[in-house]
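The chain contents come next:
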Amino acid sequence: MTKKFIGKRVKRNEDPRLLTGQALFVDDVEIPGMLHAAFLRSDYAHARLLSIDVSAARQRPGVVAVFTAEDMGEDWQPGPPLVSPPPTAKDVIFHSRRQVPLVKDKVRHAGEAIAVVIAESRYIAEDAVEDILVELEPLEAVSDLEKSLQEGSTLVHDDLESNLAAHLIQKKGDYEAAREKADLVITRRIVTDRGAAAAMENRGIVAHWDEKSQHLTVWDTTQAPIPIRNGLAARLGLSANQVRVIAPFVGGGFGPKMMMFYPEEMLIPWASMKLSRPIKWIEDRRENFYATTQERGQNHDVELALSRDGHILGLKDVFLHDTGAYDPYGLTIPLNTQCHLMGPYDIENFTSEVSVVFTNKTLVTPVRGAGRPQGIFIIERLLDIAAKELGIDQVEIRKRNLIPPEAFPYEHKIIDQAFAPLVLDSGNYWPVMKKALDMIGYDQFVKEEQPRLRAEGKYVGIGITPFIESTGVGPYEGARVTVEASGKVFVATGVGTQGQGHFTTFAQIVAEQLGVAVSDVRIVTGDTTEFHWGTGTFASRGAVVAGNAIHASASIVRQKVLKLACKILETPEEELELECGLVRVADTPHKSISLGELALLANPLRGAVEPGTEPGLEATAYFGPQYGATAFGTHAMIIEIDPETMMIAIKRYITVEDCGTVLNPLILEGQIHGGVSMGIGNAYYEKLHFDENGQLLNASFADYLIPSATEMPRIEVGHVETTSPLNELGTKGVGEAGTIPVPALFSQAIENALYNRELEILETPLSPNRLFELLVNEEKSR
Amino acid sequence: MKPAPFEYYAPTTIDEALSHLAEHGYDAKVLAGGQSLIPMMNFRLVQPSVLVDLNNIAELSYIHPDESGGLRLGAMTRHHQVEVDPLVAELAPLLHETMPKIATSQIRSRGTFGGSLSHADPSAELVSVSVALDGRFRLRGQNGERWVPANEFFIGLFTTLLEPDEILVEAALPSMPVRSGCSLMEVARRPHDFALVGVAAVVTLDENKLCQQARMVFLSAGDGPMVAHKAAESLKGQAPTLEAIRAAAEIAASEDIDPGSDIHATAEFRRHLANVLARRALEQAFERAADNK
C-alpha cells in the first residue's frame, strides 16, 4: 500500500517551539519559593573521608540546609542495580557495586559528591560549598586498566579481592581448530579510550514536594521518566501515583541520561521532601565532565584467523573494559562490543573473553554507540591489516566475508544486551556497500583522482567501512491514541524525547492510520501522568518500539472509527476511507463525517449505549519485539592530510543506511548528521585525558574539543530499505548508526592518505599530536 | 560555575576608573570584553573583590592614524571593529590578517584589543603580533602616563608591566617600512581554538633584496611572546633563499622557543610545528616583501 505520510520529508512539528525558545526545558521551570542546590565534590579520585564540618556553610545567610551522608540516616542507600548480568550466559562473574548519594567512607572518583548545599540562590549555594571544611586522606588511584588487575593493586572497593567487576566468556564454533587451519593469523593489541557524551544541555532536576497534596513532581532531564518515577516512589516510601516525573524537552540524551539514579536524581527529590520546598539543581559543564557517565575505555588483545583468499575463519578477542568506580549498568556495553566484534561478517568461530574492571574514574554507562564502535573498530582494523598482508583490495576482502542475503535471519549466537542469542533479523548488505562505493566514486577515485593528486604532492586517502547496529530492543513500550472532539488526535507515550523528532515521526505514524494532518496530531512524551508504562529512550529503540506501539494503538482507533462511521454513514467499512480528518465514502466523497463529530458521538452525554461499549475513539496498545532489529550501513570518506601539521580536511563524506522502513528521511538524515559529528569527535577530537592519579585534565570545552560547524563536512546520505520482519512498520533503529563506524573509517582513510608511511593505527581516539607521535615512531623503526 | 561575590563599578571616564583602581589596588580587576576574565571568575579561578568595568568609557574605543603614518587603537576597541576597519587593512596588514584568526566571531564581537594585551596570554595572537610589529602601549595611572614598548611590556605568563592602579589605554603600531612583508601562520585543533603554535613574521629587504631585518614572534611556544632572536640574526644580510629560510626555521624551532607539553601537544610536536610554520611564514613574508616595493 502506498503510504501518504510515512516516508515523507515532513518538517518537524516541534521546531517552531524549539526555534523560538518556547519549548520547556528543566531549567525553564520556575516555582515560587524555589531553592537551589550546589554540590561539594571531591578533588581527589581516591581518598578516605576523615571528617567533614559544614557548620560555617549552614551559618551563611541564605543557606537553608546542608546535607552529608550522615544526615541522610537510613535514607542513605546506593542506587539500584539497573541491569543484571545475562541469566542466559554461563559462568558469569559479576560484582555489583553501585553509586552512592553522598560519599560516606571513601571517595572513588574525582567529582564524587560529598555534601549538598540548599540555598536561596545558586550563587549563595556555591559560596557555601567553599565554606565546608572537609578532610580527605588521598589514596593511590587506580587509573590504568591493566594495572588495576595486577597483584597488589589498590582496591576501588575494599571488600572485593581485586578490581575485577565482572568476567564473561562467549564462544561460537571452535576458534582454536579454525586457527590451526588458517593461512594467516593476525595478532594485535587495539586500544580505545574514553570520551564524553557532551550533550548541549547538561543534566538538571527540579523537585517539588507539595506537603498539602502529598504529591511529588519532578522535572528531570532523564531518558527514562517512568523507571525514575517508580524508583523514586519506592525509595521515598510513596505510592507511585504520588509521584509525577516529567522529562520535558531535553537538549540531548546520548545514553548518559539513561543512567538511573544519579546521586543528584535521588537527593534533590529527597531534600525537597525534607524541606517541603521546591529545589532546582542544574548541572554545570564542569560537573558534567566529572559526574555524568562516560564511555569507551577498552584494551583488546585480538587474533583474526584467515584463509589465503581472505575468508575469515575465526576471531578471538580477550579484552578489558573500564566501568569506572561503579557498575550499575551491568554488562550492557561489553555485551554490545562482543555482538559487534564480528561486524556484518559471516564468522563461524569466535571466542571473546571480557574482564570488566573498576577504576577510580567517572562511571561508565552507554554513550551513543554503547560498545558497538569498539567492536566495529577492531574487526575493521583487523580486516585492513589482513587486506594489506594478503594483497587483497580492502573492499574485496569485506565483500567476501559479508553475511549473504539468503542467510537471514542469521543466528549470530552471541548473547546480546537483551540476554538472548543475537539474531540478525534481515539484511542485504552488499547493495548498501555498493551504493556507498558508487556515491563516493570509489573506482574512479582510486584509479584516477588519487594518483593525480598524489602526483601534485597531496596526501588524500579514502576509507570505506560497513557496520551493523543492533537496535530496537525490548522489553516493550506503549501508547494511548485519542481522537478528540476537535478532530485532532492526542497521543501519549512513555518514552522521553531528547531531540529525535518524536513529535513528528510519531505523528506521521498516527496520520497514516487516521488520515489527519501531521500537524493535527499532538504528542506527549515522557510525562508519567499521561502514560506510565514503559522503559525509556535508549538503544536506538524509540522509532522501533514506541513507534510500533503507537502504530498498534492508532490501528485500533482506526477500527473503532470505521465501525462507528459504518453505522452512521450506512456504508460498509470496506467502502470507507479516512482522508483529511474525515471518514468518507470512497466513491461519493461528499457523503462524510468528520473525526471530531464521530468522537462526540462516541462519547454521548445522554441515552443508552450497547453493553460492552467503550466510550470515545481511544485505544491503548503495547509493542514488544521478539528480539532487537539489526540495521546495517556503510560510511565512506575522502580525507586530505597536511603531513607536516597533521591537520585534516574531510573532502567527501558518504553514509548509506539500511534501517528498514524510513519514517521521515529529513529526520533520519538529521540523526545521521548528529551521529557522524559525534563519531568524528570520537575519531580525532574528543578524548578525556585522565592522568595516573585519576584526575581529568580537560574538564571544560576549552580543552575537551567537540567538532563544531567548522570541522563538519557536508554529509551525503543514501538510503536502502530492507524492512524488519519483527514489527508491522518494518522499522529498525538508527540513532547510533552515524557514530559507530567513524573511528574505524578515519583510521583506514588516514593510513590510505599517508601511503608512503608504514603506519598502522591501533587506537582511537587519535589527534594531530598522537598521529605525529605514531609517525615519529614509524620513522624510528624503519 | 557562579562567581564569588564582588563589588562592581561601571565608570564612564578613564579618570573615574583610575580612582576606583587607586582605591582598591590589588583587590580590583579591570573588566574589558570579559572573554577570559568572566570564565575564570565563573570557574572561581580568580575571585576579585572589586570589578571595574570599562565598557561604558566611550573615549577608549577608536581607531585612527597617527602623524607618522602608524595606527592608534583605543584599548576598548572590539576585535570585530579592528577586523573590518579599512584603515587597519591599509596600515597594518599583519593585524588585518590576524584578526579573523582570533577565536570565534562571537568572541571577537565582544573581546577588546587592550583586554587581550593586558591579559597577556602567551597563546593570544595580539600579544605576539604587537611585539612583531614593534608596537608601544600607553599605560595610564592616577599619577600620569607612560609609554612602554611591546617587547618590554610582557614579562611572563599572564604577567605585564601594568601596575594594579594602571590601565592600558592605547596601543600604537608603527607603519611598515618599504620592502616589508608579513605573515601570520598558526595551527589550531579547530580554527577557533588557541593555536598549538603560531608565528608572526615581519621581514624587510634592503635595496639589494637581501634580508635587512627579520622578526619572528611565536605564540604558544613559551611563557610569553617568544622572539626568535637567533633565527633573525641568521637571516640578516642573507638572500632569502629556501635554504636560508629552512635554516632559520630550524634555529627558531630548536633554539629560540621554549614550548611546554600539555594534552594537546608535546613540546616535541610544538617544536616540529614551529619549524614548519616558521618556514611557511618566512616564505610568505619574503614573497610579500619582494612585491611591496
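Every value quoted in this text rests on a predicted model; they were computed, and no experiment measured them.

Caption draft 1: Here's a closer look at the overall build of chain B. A tally of helices and strands in chain B yields 12 helices and 14 strands. Taken over the C-alpha atoms alone, chain B extends approximately 60 × 45 × 30 Å along its principal axes. Relative to its full complement of 293 residues, chain B shows a buried share of 55%. Considering only residue pairs separated by 6 or more positions, chain B has 62% of its internal contacts joining residues 24 or more positions apart. Of the roughly 12,300 Å² of accessible surface on chain B, 50% is carried by carbon and sulfur atoms. Between the averaged position of the 26 positive side-chain charges in chain B and that of its 38 negative side-chain charges there is a distance of 5 Å.

Caption draft 2: Layout of the overall build of chain A. When you go through chain A residue by residue, the secondary structure sums to 20 helices and 30 strands. Taking 2.2 N^0.38 as the reference for a compact globule, 782 residues should give roughly 28 Å; the C-alpha atoms of chain A span a radius of gyration of 27 Å, in line with that estimate. Taking the principal axes of the C-alpha coordinates as reference, chain A spans close to 90 × 75 × 50 Å. Classification of the 782 residues of chain A by burial places 64% in the buried group. Expressed as a percentage of contacts within chain A between residues at least 6 apart in sequence, the contacts between residues at least 24 apart total 80%. For chain A, the computed accessible surface area is about 28,900 Å², with 51% contributed by carbon and sulfur atoms. Charge separation in chain A, taken as the distance between the mean sites of 75 positive and 106 negative side-chain charges, equals 3 Å.

Caption draft 3: Molecular detail of the interface of chain A and chain B. Of the residues lining the interface, 33 residues belong to chain A; the matching set on chain B comes to 28 residues. Considering only the surface of chain A that becomes buried against chain B, Glu644(A), Asn769(A) and Phe772(A) emerge as the three largest contributors, covering 22% of it. Counting the contacts that link chain A with chain B gives 6 salt bridges. Salt-bridge contacts for Arg279(B) lead to Glu644(A); the nearest nitrogen and oxygen are separated by 2.8 Å. Counting across the chain A and chain B interface gives 15 residue pairs in polar contact (both at pLDDT 80 or more). Put simply, the parts of the chain that give the side of chain A that touches chain B at least two residues each are helix 4 (122-131), helix 9 (285-291), helix 18 (665-685) and helix 20 (768-781) of chain A. Looking at side-chain class alone, the side of chain A that touches chain B contains 13 nonpolar, 8 polar and 12 charged residues.

Caption draft 4: Inspection of the sheet that holds strand 5 (residues 71-74) of chain B at higher detail. Residue and element names in this part refer to chain B. With antiparallel pairing, 5 strands are arranged side by side in an open sheet as 4-5-10-6-7. The two strands at the open ends of the sheet, each matched to only one other strand, are strand 4 (63-65) and strand 7 (144-149). Recorded for the sheet is a direction-independent mean angle of 25° between the axes of neighbouring strands. Pairing between strand 5 and strand 10 (residues 167-173): 4 bridges, direction antiparallel. Counterpart to Arg 72 in the pairing with strand 10 is Ala 172.

Caption draft 5: Structural detail: the domain arrangement of chain A. All names here are of chain A. Taken domain by domain, chain A comprises domain 1 (15-20 + 474-623), domain 2 (31-139 + 201-251 + 256-291) and domain 3 (298-473 + 626-781). Once you take the C-alpha centre of each, domain 1 and domain 2 turn out to be 38 Å apart. With 21 residues of domain 1 in contact, the opposing surface of domain 2 contributes 16 residues. In total, domain 1 and domain 2 occlude about 1,400 Å² of area from one another, counting both sides; carbon and sulfur atoms represent 57% of this. Counting the contacts that link domain 1 with domain 2 gives 1 salt bridge. Linking Asp 527 and Arg 244 is a salt bridge whose minimum nitrogen-to-oxygen distance equals 2.6 Å. Of the residues that constitute the side of domain 1 that touches domain 2, the class distribution is 5 nonpolar, 14 polar and 2 charged.

Caption draft 6: Summary view of the packing of helix 10 (residues 332-340) of chain A against helix 11 (residues 372-390) of chain A. Residue and element names in this part refer to chain A. Where helix 10 contacts helix 11, the two axes come as close as 7 Å, and the packing angle between them is 30°. Here helix 11 runs roughly parallel to helix 10, going by the angle between their axes. Helix-helix and strand crossings are classified by hand; for helix 10 and helix 11 the assignment is right-handed. On helix 11, the residues touching Ile 333, Asn 336, Thr 337 and His 340 of helix 10 are Arg 372, Gln 374, Gly 375, Ile 376 and Ile 379. For the contact of helix 10 with helix 11, a count of residues per class yields 3 nonpolar, 5 polar and 1 charged.

Caption draft 7: Examining unusual backbone geometry more closely. Here Phe408(A) and Pro409(A) are connected by a cis peptide whose omega angle stands at -5°. With an omega of 0°, the peptide bond running from Thr764(A) to Pro765(A) counts as cis. Along the polypeptide, Pro765(A) turns up in the loop between strand 30 (763-764) and helix 20. Even without being a glycine, Asp134(B) presents a positive backbone phi close to 65°. Considering the arrangement of structural elements, one finds Asp134(B) in the loop between helix 8 (125-132) and strand 6 (136-141). If you check the backbone angles, Arg179(B) has positive phi at about 55° while not being a glycine. Inspection of the secondary structure puts Arg179(B) in the loop between strand 10 and strand 11 (180-188).

Caption draft 8: The packing of aromatic side chains, seen in detail. With the rule as written, the count across this model stands at 17 aromatic pairs over all chains. An angle of 70° between the planes, with centres 5.2 Å apart, marks the rings of Phe408(A) and Tyr429(A) as edge-to-face. One end of the pair, Phe408(A), is in the loop between helix 12 (394-401) and strand 17 (410-415); the other, Tyr429(A), is in helix 13 (residues 429-440), with 21 residues separating them in the sequence. For the pair shown, Phe408(A) and Tyr429(A) are each scored as buried. Considering the side-chain rings of Phe153(B) and Phe154(B), the 5.0 Å spacing of their centres and the 80° angle between planes classify their relative orientation as edge-to-face. Through successive ring pairs, a cluster of aromatic residues spans Phe25(A), Phe249(A) and Phe503(A). Lying over the aromatic face of Tyr755(A), Arg454(A) brings its terminal NZ or CZ to 4.0 Å of the ring centre. Of note, Arg136(B) hangs over the ring of Trp147(B), and the distance from its end group to the ring centre comes to 4.4 Å.

Caption draft 9: Fine view of the sheet that holds strand 3 (residues 50-53) of chain B. Residue and element names in this part refer to chain B. The strand order across the open sheet built from 3 strands is 1-3-2, with neighbouring strands paired in parallel fashion. In this open sheet, the two strands that pair with only one neighbour each are strand 1 (7-9) and strand 2 (28-31). Averaged over all adjacent pairs, the angle separating strand axes in this sheet is 20°, with direction ignored. In terms of strand pairing, strand 2 meets strand 3 through 4 bridges, oriented parallel. Residue Ala 28 lies in a different strand from strand 3, and its bridge partner there is Val 50. Sheet contacts for helix 1 (residues 14-24): strand 1, strand 2 and strand 3; angle to strand 3, the most-contacted strand, approximately 165°.

Caption draft 10: Quick peek at the side chain of Asn288(A). Residues and elements named next belong to chain A. Here Asn 288 lies in helix 9. Note on Asn 288: relative accessible area 9%, which makes it buried. A distance of 3.3 Å separates a polar atom in the side chain of Asn 288 from a polar atom in the side chain of Asn 202. With near-sequence residues (within four places) excluded, Asn 288 lies in contact with Asn 202, Arg 203 and Glu 283.

Caption draft 11: Spotlight on the packing of helix 7 (residues 225-236) of chain A against helix 8 (residues 263-275) of chain A. All names here are of chain A. Interhelical geometry of helix 7 versus helix 8 gives an angle of 50° and a closest axis separation of 11 Å. Regarding the angle of helix 7 to helix 8, the classification is oblique. In the packing of helix 7 onto helix 8, the handedness of the crossing is right-handed. Of helix 8, the residues touching helix 7 (which contributes Ile 228, Leu 232, Arg 235 and Leu 236) are Glu 265, Met 266, Pro 269, Trp 270 and Met 273. Of the residues assigned to the contact of helix 7 with helix 8, the class counts are 7 nonpolar, no polar and 2 charged.

Definitions and cut-offs
- Residues numbered from 1 in each chain as written.
- Chains lettered and ligands numbered in written order.
- Predicted model: local features only at pLDDT ≥ 70, side-chain atom pairs only at ≥ 80, totals over all residues.
- Heavy atoms only, no water.
- Helix = DSSP H or I, 4+ residues; strand = E, 2+ residues; numbered from the N terminus.
- Buried < 20%, exposed > 50% of the residue type's maximum accessible area, 1.4 Å probe, protein only.
- Contact = heavy atoms within 4.5 Å.
- Areas by Shrake-Rupley, 256 points an atom, 1.4 Å probe, with all protein chains shown as cover.
- Lys, Arg positive; Asp, Glu negative; His and termini not counted.
- Charge placed at Lys NZ, Arg CZ, Asp CG, Glu CD.
- Rg over C-alpha atoms; globule rule 2.2 N^0.38 Å.
- Buried area = accessible area lost by both parts, 1.4 Å probe.
- Salt bridge = Lys/Arg side-chain N within 4 Å of Asp/Glu carboxyl O.
- Polar contact = N/O pair within 3.5 Å; in protein donor to acceptor, adjacent residues only side chain to side chain.
- Nonpolar A, V, L, I, M, F, W, Y, C, P; charged D, E, K, R; others polar.
- Pairing = 2+ DSSP bridges.
- Axes fitted to C-alpha atoms, helices over the stretch in contact; angles between N-to-C directions.
- Domains from an automatic or database assignment.
- Parallel < 35°, antiparallel > 145°, perpendicular 65-115°, else oblique.
- Left-handed = near helix turned anticlockwise from the far one by under 90°.
- Phe/Tyr/Trp six-rings, centres within 6.5 Å; stacked < 30°, edge-to-face > 60°.
- Lys NZ or Arg CZ within 6 Å of the ring centre and 35° of its normal.

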